[in-house]
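Structural overview
Spelled out from the first residue to the last, the chains are:
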Amino acid sequence: MDTPEHEIDLFEFAELSQAANPSPAPETAPEQGAKFNRNTMEQSVLAFVLSLHPDAVARNVPTRNAKYRATAGAFWKHARTRGSIVTRTILVMMYDDIGNCFSDCEGREERLKKISALQQQKELMEADIRKNEPHLAAADDLFSEFRTWDYSASENNEYHRLCRKLARELETLCKGSKLERIRQAGVADQCYLAVPEELLIPELIPAPWGIVGLRSSSLRFKLIREAEVQENVTPAMRSSFAFNIGTAAANAVCFASGVDKDGTLRRPPRKRGKLAGK
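Summary of the structure given here. (Residues numbered from 1 in each chain as written. Predicted model: local features only at pLDDT ≥ 70, side-chain atom pairs only at ≥ 80, totals over all residues. Heavy atoms only, no water.)

1. Some details on unusual backbone geometry
Located in the positive-phi region is H53, a residue other than glycine, with phi close to 60°. For H53, the position within the fold is in the loop between α2 (38-50) and β2 (56-62). Judged by relative accessible area, H53 falls into the exposed class, the value being 63%. Positioned with a positive phi, N60 is a non-glycine residue whose angle comes to about 55°. Mapped onto the elements, N60 comes out in strand β2. The class of N60 is partly exposed, set by a relative accessible area of 40%. (Helix = DSSP H or I, 4+ residues; strand = E, 2+ residues; numbered from the N terminus. Buried < 20%, exposed > 50% of the residue type's maximum accessible area, 1.4 Å probe, protein only.)

2. Focus: helix α3 (residues 108-132)
Helix length check: α3 (25 residues) gives 36 Å between terminal C-alpha atoms against 36 Å at 1.5 Å per residue, within 8%. Buried within α3 we find R108, L112, I115, L118, Q119, M125, E126 and I129. Where α3 is buried, its residues meet α4 (157-174). (Expected span 1.5 Å × (residues − 1). Contact = heavy atoms within 4.5 Å.)

3. What to know about the pattern of salt bridges
Applying the stated criterion to the full structure yields 7 salt bridges. Across the salt bridge formed by K114 and E169, the nearest N and O atoms sit 3.1 Å from each other. Of this pair, K114 sits in helix α3 while E169 sits in helix α4, and the two are 55 residues apart along the sequence. The residue R215 makes a salt bridge to E197 at a minimum N-O spacing of 2.6 Å. Remark: E197 occurs in the loop between β5 (190-196) and β6 (209-215) and R215 occurs in strand β6; sequence separation between them is 18 residues. Residue classification places E197 among the partly exposed positions, given a relative accessible area of 25%. Here the residues in one salt-bridge network are R38, E42 and R59, joined through shared partners. (Salt bridge = Lys/Arg side-chain N within 4 Å of Asp/Glu carboxyl O.)

4. Side note on the nonpolar core
Residues L91, M93 and L193 are the most contacted members of the largest nonpolar core, which totals 43 residues. Apart from the residues lying within four places of it in its own chain, the contact partners of M93 are R69, A70, T71, K178, L179, I182, Y192, L193, A194 and W209. A72, M94, V212 and F221 belong to the second-largest nonpolar core, a separate cluster that totals 19 residues. (Core = buried A, V, L, I, M, F, W, Y, C linked by side-chain atoms within 4.5 Å.)

5. Regarding the side chain of E180
Looking at the element boundaries, E180 is found in helix α5 (residues 178-184). Apart from residues lying up to four places away in sequence, E180 is in contact with C174 and W209.

6. Comments concerning the packing of α3 against α4
Two elements in contact, α3 and α4, have axes separated by 10 Å at closest approach and are oriented at 155°. By the angle class used here, α3 and α4 are roughly antiparallel. For the element pair α3 and α4, the recorded crossing hand is left-handed. Counting all contacts with α3, which are made through R108, R111, L112, K114, I115, L118, Q119, Q121, K122, M125, E126 and I129, the residues of α4 involved are E158, Y159, L162, C163, K165, L166, E169, L170, T172 and L173. (Axes fitted to C-alpha atoms, helices over the stretch in contact; angles between N-to-C directions. Parallel < 35°, antiparallel > 145°, perpendicular 65-115°, else oblique. Left-handed = near helix turned anticlockwise from the far one by under 90°.)

7. Some words on the packing of aromatic side chains
Applying the stated rule across the entire model yields 3 aromatic pairs. Seen from their ring centres, Y151 and Y159 are 6.1 Å apart, and the 45° between their planes marks the pair as tilted. With a relative accessible area of 4%, Y159 lands in the buried category. (Phe/Tyr/Trp six-rings, centres within 6.5 Å; stacked < 30°, edge-to-face > 60°.)

Right, here's the structure in full:
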């Protein structure tokens, strides 16, 4: 996708944020350089999803199990076919800290330290490869500081063993986590992880996941890595997830309008003013 970075209009998503989260939003706009609060992060996630132009979007969407919910979900449909077939679904999981992605993994702290040490070894070996195997550099790169290297073609067997070991550690770190259970639910063609950019460690996130960096200082989001398309998603699971998106959106509309599902009228949530910066 060719939408790597966008300025977001927080005003456009303020009502959506209030609808799905009844907790009061801050009265004042966040200061430049301030950390994201959760409401602002979720607004940025919605901004990213809507920049992809889906047919429908909602927050707090259950996957196959109501226990595991996506921060945001969206779907696209084929309007020209009878029955409006759902052709694509995505979900986004948001965390305020990269370590929280694996908070339910056994031995998380020790494994993260081990992965960090392996990453440092990998970087040192890649520096040696660049020195000793210069022919692995891409010939069409204009500037040497941005040159890409085909490390997979290296003759350094120790480097390849290290890469396999690192891959096993990363797989073990993710195995059994909430993050992996949600991905394996098979309801989304693409899965994205959204984390504050200054806390992001892309190497810790397994390849099927796309990565969205949230910028607290400039109120922007950035697509850092595109999500891979999953092959285990069936039309039935797409439709099921689309139904969950519709239900979550209906819940948000009821809350924002001050109407319970049984028709009981309540005071609607107070609307907030336009945030600074626009």
